[in-house]
Amino acid sequence: MSIEELYSIFLEHPNAETDTRKIKPGSIFFALKGPNFNGNTYAEQALKAGASFCVCDEQTDFINENIIYVDDVLTTLQHLAKYHRIQFAIPFVAITGSNGKTTTKELVHEVLSTTFRCYTTKGNLNNHIGIPLTILSVKKDAEIAVIEMGANHLKEIESYCLYAMPTHGLITNCGKAHLEGFGGEDGIKKGKGELYNYISNTEGTVFINNDYDYLKNMSNSVKNKITYGSTNDAGYQGLAKEGEHLLEVEIIKGAAIDTIKTQLAGNYNLPNVMSAVCIGKYFGVADDKIKNALEGYVPTNSRSQIIKRDTNVILLDAYNANPSSMVVAIENFAAMQGKNKIIILGGMMELGAESVKEHENIITLLGNYKWDKVVVAGKDFINLPSSILKFNNAEEISSWYKQQEFKNATILIKGSRSMAMEKVLD
């Protein structure tokens with residue numbers, strides 16, 4: 001079956017699913033395969049759950065005329081997404097980066113949704129499966145789309161651009177994330193820079209954080225550039241105001257807004273807020289709508305959350321962690337007002353040969369400040385020679401935490417996603 005023929009079926013059944021547990025009546029089930037599962041074996045279950053069609057690449061014992069066989073399901077899903085994408089003559093804004101891309105995506109979506117019918121990536125479905133599913137979720141009434149792109153190796157962003165076909169792009173930053181896959185910091189810049197390369201070749205527009213010289217250098221080949229940041233020469237300039245816990249942004253230039261009082265913890269969210277101001281203004285969103293959208297956004301899923309329990313204030317930033325984001329989180333927490341500061345950190349993943357050194361650097365950084373307590377978890381923290389309190393995992397910290405009687409404390413909890421540091425509060 002050709003992509004054109006499959007697309008005709010998709011138009012009648014415009015809900016693509018890869019998980020039988022999420023099947024809705026009339027869905028198309030794409031039977032993907034992975035190291036520990038084979039979606040082809042779930043074709044019968046998908047049809048019984050209400051799917052109208054199943055796209056498979058292996059013959060199954062279950063015979064049904066609504067099973068569509070292709071050479072490779074994943075490739076077909078991506079080609080179908082591209083075919084759907086080319087039906088739209090609207091802006092597609094791609095967002096990638098080492099840190100802050102999901103928060104940035106959420107903020108940009110909040111701002112644009114005040115004025116446009118805007119579709120975006122749900123959660124962090126930002127990989128080779130999530131991106132085509134996101135594209136296929138864009139409906140006919142769309143006026144703009146915001147696509148998040150994650151990557152842990154070279155050529156990944158390049159491949160996503162082939163079917164997302166972004167007209168606009170933003171790289172939040174290039175930090176020490178996925179060092180193992182990218183082969184070092186230069187590899188990270190090259191990999192993230194694949195978005196700039198695509199935008200340059202297609203004469204699109206990029207939004208650049210003017211605070212980072214390396215982003216300006218990486219975007220030399222791009223003709224159309226809009227800048228934001230905290231520097232005087234940025235097109236949209238904003239500064240973080242000194243506050244107790246939540247970020248307040250003073251807009252200096254580019255928008256008729258005095259102050260944006262966010263519900264985000266940490267001044268490191270300043271670039272994320274300014275990118276949303278910049279993109280909102282670029283697309284003509286009114287100043288008051290930008291301000292209201294950003295002030296009304298409440299972070300969830302352990303991203304820059306403020307949680308108040310009894311007399312304690314908890315900064316939960318446990319969605320992800322790498323050396324770059326860990327450093328800014330610690331430095332921001334050190335500068336923040338608050339008594340009885342307790343810092344609870346989980347290990348950082350996918351750092352390869354640099355992992356021990358990077359965890360050692362974090363321990364050294366912690367020693368530069370005075371804390372009431374420091375607690376860490378994860379093998380690369382535990383194995384370091386240090387007298388700080390160490391545990392194997394978040395569950396062990398949780399047991400310890402319950403036995404404490406913290407009062408009027410300010411607590412930072414951060415770690416890589418696989419560490420699930422939010423369990424400390426369970």
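Per-chain numbering applies: the sequence of each chain, read as written, is numbered from 1 onward. Local features in this predicted model are restricted to residues of pLDDT 70 or higher, and side-chain atom pairs are both shown and tallied only at a pLDDT of 80 or more, whereas totals for entire chains, interfaces and linings draw on every residue. Water and hydrogen atoms play no part in the side-chain values, which are based on all heavy atoms of the structure.

> Can you walk me through the overall build of the protein in this structure?
What counts as a helix is a DSSP run of H or I of at least four residues, what counts as a strand is a run of E of at least two, and both are numbered from the N terminus. Along its length, the protein carries 16 helices and 21 strands. Computation of the radius of gyration draws on C-alpha atoms, with the globule rule given as 2.2 Å multiplied by the number of residues to the power 0.38. The globule rule puts the C-alpha radius of gyration for 426 residues at 22 Å, and the 23 Å found for the protein is close to it. Each principal axis of the C-alpha distribution contributes one length, and for the protein these read about 65 × 50 × 40 Å. Counting over 426 residues, the protein shows a buried share of 54%. Here, residues are in contact when the closest pair of their heavy atoms is within 4.5 Å. The contacts in the protein between residues at least 6 apart in sequence include a share of 62% that link residues at least 24 apart. For the area figures, the Shrake-Rupley method with a 1.4 Å probe applies, and any residue is considered shielded solely by the protein chains shown. Approximately 18,900 Å² of the protein is accessible, and the part contributed by carbon and sulfur atoms is 47%. Put simply, the protein has 42 plus and 49 minus side-chain charges, and the middle of one group is 4 Å from the middle of the other. Burial classes: relative accessible area under 20% of the type maximum marks a residue as buried, over 50% as exposed, and values in between as partly exposed (1.4 Å probe, protein chains only). Neither His nor the chain termini are counted; the positive set is Lys and Arg, and the negative set is Asp and Glu. Positions of charges follow a simple convention, taking NZ of Lys, CZ of Arg, CG of Asp or CD of Glu.

> Would you mind going over the pattern of salt bridges with me for this structure?
Note that side chains of opposite charge can pair when their charged atoms are close. Salt bridges are defined as contacts in which a side-chain nitrogen from Lys or Arg sits within 4 Å of a carboxyl oxygen from Asp or Glu. All told, the structure shown has 15 salt bridges when counted by the stated rule. Ionic pairing is found between glutamate 148 and lysine 105, a salt bridge with its closest N-O pair at 3.8 Å. Residue glutamate 148 is found in strand 9 (residues 144-148), and its partner lysine 105 is found in helix 4 (residues 101-112); the two are separated by 43 residues along the sequence. Owing to a relative accessible area of 0%, glutamate 148 belongs among the buried residues under this scheme. Owing to a relative accessible area of 0%, lysine 105 belongs among the buried residues under this scheme. Among the ionic pairs, aspartate 287 bridges to lysine 281, the shortest N-O distance being 3.1 Å. According to the relative accessible area criterion, lysine 281 is partly exposed, its value standing at 24%. It is possible to trace a salt-bridge network through shared partners that takes in Lys33, Asp57 and Glu58.

> Which parts of the structure should I look at to understand the nonpolar core?
If you look at the biggest cluster of nonpolar residues, it comprises 49 residues, and the most contacted ones within it are Phe30, Ile131, Met149 and Tyr196. Each residue touching isoleucine 131, except ones within four places of it in the same chain, is listed here: Leu125, Asn126, Ile147, Glu148, Met149, Tyr160, Tyr163 and Ala164. Counting residues in hydrophobic clusters, the runner-up holds 33 residues, among them Cys118, Tyr228, Val249 and Ile279. By convention a nonpolar core is built from buried Ala, Val, Leu, Ile, Met, Phe, Trp, Tyr and Cys residues, the set being connected through side-chain atoms within 4.5 Å.

> Just to check I follow, could you spell out the sheet that holds strand 1 (residues 16-17) for this structure?
Backbone-to-backbone hydrogen bonds pair the strands of a sheet. The strands run either parallel or antiparallel. Reading across from one edge, 1-2-5-6 is the order of the four strands in this open sheet, with parallel pairing throughout. A strand with exactly one partner marks an edge of an open sheet, and here the two such strands are strand 1 and strand 6 (67-69). Whether two strands pair depends on DSSP finding at least two bridges between them. One ladder, built from two bridges, connects strand 1 with strand 2 (residues 28-30); its direction is parallel. Following the sheet pairing, alanine 16 is matched in strand 2 by isoleucine 28.

> Honestly, the sheet that holds strand 15 (residues 259-265) in this entry has me stumped. Any pointers?
The nine strands are arranged 8-9-7-10-11-12-13-14-15 in an open sheet whose pairing can be described as mixed. The sheet terminates laterally at strand 8 (118-120) and strand 15, the two strands that pair on one side only. Looking at each pair of strands side by side, their axes are set apart by 25 degrees on average, direction ignored. As paired strands, strand 10 (residues 168-171) and strand 11 (residues 205-209) are joined by three bridges and run parallel to one another. Across the sheet, residue glycine 169 finds its bridge partner in strand 11, namely valine 206. Only the stretch in contact is used when fitting a helix axis, every axis being a line fitted to C-alpha atoms; angles between N-to-C directions are given from 0 to 180 degrees. Helix 11 (residues 270-282) contacts strand 7 (92-96), strand 10, strand 11, strand 12 (224-229), strand 13 (236-241), strand 14 (246-253) and strand 15 of the sheet and is inclined by roughly 145 degrees relative to strand 13.

> Whenever I open this one, helix 9 (residues 194-201) confuses me. Can you help?
In terms of burial, helix 9 is largely enclosed, as six of its eight residues are buried. Within the span of helix 9, buried status applies to Glu194, Leu195, Tyr196, Tyr198, Ile199 and Ser200. The elements touched by buried residues of helix 9 are strand 7, helix 6 (156-164), strand 10, helix 8 (185-192), strand 11 and helix 10 (213-218). Where helix 9 terminates, the next one or two residues include glutamate 203, which has phi positive at roughly 55 degrees.

> When you look at the packing of aromatic side chains in this model, what are you seeing that I'm missing?
Geometry of an aromatic ring pair is reported as the spacing of the ring centres plus the angle between the planes. Geometry of aromatic contacts follows a simple scheme: Phe, Tyr and Trp rings, the Trp one being its six-membered ring, pair when their centres are within 6.5 Å, and the pair is stacked under 30 degrees between planes, edge-to-face over 60, tilted otherwise. A full pass over the atoms with the stated rule returns eleven aromatic pairs. Here the aromatic rings of tyrosine 7 and tyrosine 83 are separated by 5.0 Å at their centres, their planes lie at 65 degrees, and the arrangement is edge-to-face. Of the two residues, tyrosine 7 is situated in helix 1 (residues 3-12) and tyrosine 83 in helix 3 (residues 73-85); the sequence distance between them amounts to 76 residues. Since its relative accessible area comes to 7%, tyrosine 7 is described here as buried. For tyrosine 83, a relative accessible area of 25% translates into the label partly exposed. With a centroid separation of 5.8 Å and 55 degrees between ring planes, the pair formed by tyrosine 401 and phenylalanine 406 is classed as tilted. Throughout this description, the term charge over a ring refers to an Arg CZ or Lys NZ atom that lies within 6 Å of the ring centre and within 35 degrees of the ring normal. Its guanidinium or amino end placed over the ring of phenylalanine 92, arginine 85 lies 3.8 Å from that ring's centre, counting from NZ or CZ.

> What is the right way to read a positive patch on the surface from this model?
Note on patches: the residues involved have over 30% relative accessible area and no salt bridge, like charges join within 9 Å, and the nonpolar side chains Val, Leu, Ile, Met, Phe, Trp and Tyr join within 5 Å. A cluster of basic residues, Lys22, Lys24, Lys122 and Lys139, forms a positive patch at the surface. Its location among the elements puts lysine 24 in the loop between strand 1 and strand 2.

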